Amino acid sequence: MIENDFQLRVSKTKLAEFRTTLQNLEHDQLPKKAKAVRRNATLSLITELEEDIQTFEHLRGSHTEILNLHNLEELPNQLIQARVARGFTQAELAAKLKMKPQQIQRYEASKYASASLSRVLEVARVLQNAK
């Protein structure tokens, strides 16, 4: 899952690299079976990156309901998706919470494992009430 603009840029760069790899594969002197395995693996990576990029960009322009949980295991990803959908950078969310951007980066990197329940609720409240 892409969580911020930096990851989006890296993902787009990697996607371009995988597409180039796929094109160049036609000219490789690999055995037929090895070429097929490499082609399938590359296509799988391309598909995964395309889906991640599309999801992030859709969330960025989304005005859908935010934080609609079906189980608590979804909460960390829902918080990240809600931030993206609201158009907040990690730094902007941190400012609204009166904290340093690095703390939001750490929370998201660890999927909020290090955040207290009160902090998670505060993040959810800010994201839910942001218009």
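Residues numbered from 1 in each chain as written. Predicted model: local features only at pLDDT ≥ 70, side-chain atom pairs only at ≥ 80, totals over all residues. Heavy atoms only, no water.

Draft legend 1. View of the nonpolar core. Among the nonpolar cores identified, the biggest contains 18 residues, and Leu79, Leu93, Ile104, Tyr112, Val123 and Leu127 are the most heavily contacted of them. Contributing elements (two or more residues each) for this core: helix H3 (75-85), helix H4 (90-96), helix H5 (101-109) and helix H6 (117-129). The contacts of Leu127, once residues within four sequence positions are left out, are Leu79, Ala82, Arg83, Arg86, Phe88 and Leu93. (Core = buried A, V, L, I, M, F, W, Y, C linked by side-chain atoms within 4.5 Å. Buried < 20%, exposed > 50% of the residue type's maximum accessible area, 1.4 Å probe, protein only. Helix = DSSP H or I, 4+ residues; strand = E, 2+ residues; numbered from the N terminus. Contact = heavy atoms within 4.5 Å.)

Draft legend 2. View of the packing of aromatic side chains. Applying the stated criterion to the full structure yields one aromatic pair. Measuring from centroid to centroid gives 5.5 Å for Tyr107 and Tyr112, while their planes differ by 25°, and the two rings are stacked. The class for Tyr112 is buried, based on a relative accessible area of 5%. (Phe/Tyr/Trp six-rings, centres within 6.5 Å; stacked < 30°, edge-to-face > 60°.)

Draft legend 3. Molecular detail of the side chain of Arg83. Looking at the element boundaries, Arg83 is found in helix H3. Under the relative-accessibility criterion, Arg83 is labelled buried at 1%. Separated by 2.6 Å, the side chains of Arg83 and Glu108 make a polar contact. When neighbours within four sequence positions are excluded, Arg83 is seen to be in contact with Glu3, Asn4, Phe88, Thr89, Gln90, Leu93, Glu108 and Leu127. (Polar contact = N/O pair within 3.5 Å; in protein donor to acceptor, adjacent residues only side chain to side chain.)

Draft legend 4. Here's a closer look at the pattern of salt bridges. According to the stated counting rule, one finds eight salt bridges in the structure shown. The salt bridge involving Arg38 is made with Asp28; its shortest N-O contact spans 3.6 Å. Here Arg38 is found in helix H2 (residues 32-60), whereas its partner Asp28 is found in the loop between helix H1 (5-25) and H2, with ten residues between them in sequence. (Salt bridge = Lys/Arg side-chain N within 4 Å of Asp/Glu carboxyl O.)

Draft legend 5. The environment of Lys100, seen in detail. For Lys100, the position within the fold is in the loop between H4 and H5. Residues Lys100 and Gln90 lie ten residues apart in sequence; the distance between their C-alpha atoms is 9.4 Å.

Draft legend 6. Quick peek at the packing of H1 against H2. Contact pair H1 / H2: the axes reach a minimum separation of 9 Å and the direction vectors enclose 150°. Taken as axis vectors, H1 and H2 run roughly antiparallel relative to one another. For the pair H1 and H2, the sense of crossing is left-handed. Residue classes in the contact of H1 with H2 are distributed as eleven nonpolar, three polar and ten charged. (Axes fitted to C-alpha atoms, helices over the stretch in contact; angles between N-to-C directions. Parallel < 35°, antiparallel > 145°, perpendicular 65-115°, else oblique. Left-handed = near helix turned anticlockwise from the far one by under 90°. Nonpolar A, V, L, I, M, F, W, Y, C, P; charged D, E, K, R; others polar.)

Draft legend 7. Examining H3 more closely. Among the eleven residues of H3, nine are classified as buried, and the element is accordingly described as predominantly covered. Within the sequence span of H3, burial applies to Leu75, Pro76, Gln78, Leu79, Ile80, Ala82, Arg83, Val84 and Ala85. Buried-residue contacts for H3 involve H2, H4, H5 and H6.

Draft legend 8. Main features of the packing of H2 against H3. The contact between H2 and H3 brings their axes to 7 Å, and the two run at 60°. In this view, H2 runs oblique relative to H3, as classed from their interaxial angle. The chirality of how H2 crosses H3 is right-handed. Taken together, the residues of H3 that come into contact with H2 (itself represented by Phe56, Leu59 and Arg60) are Gln81, Val84 and Ala85. For the contact of H2 with H3, the residue count by class is four nonpolar, one polar and one charged.

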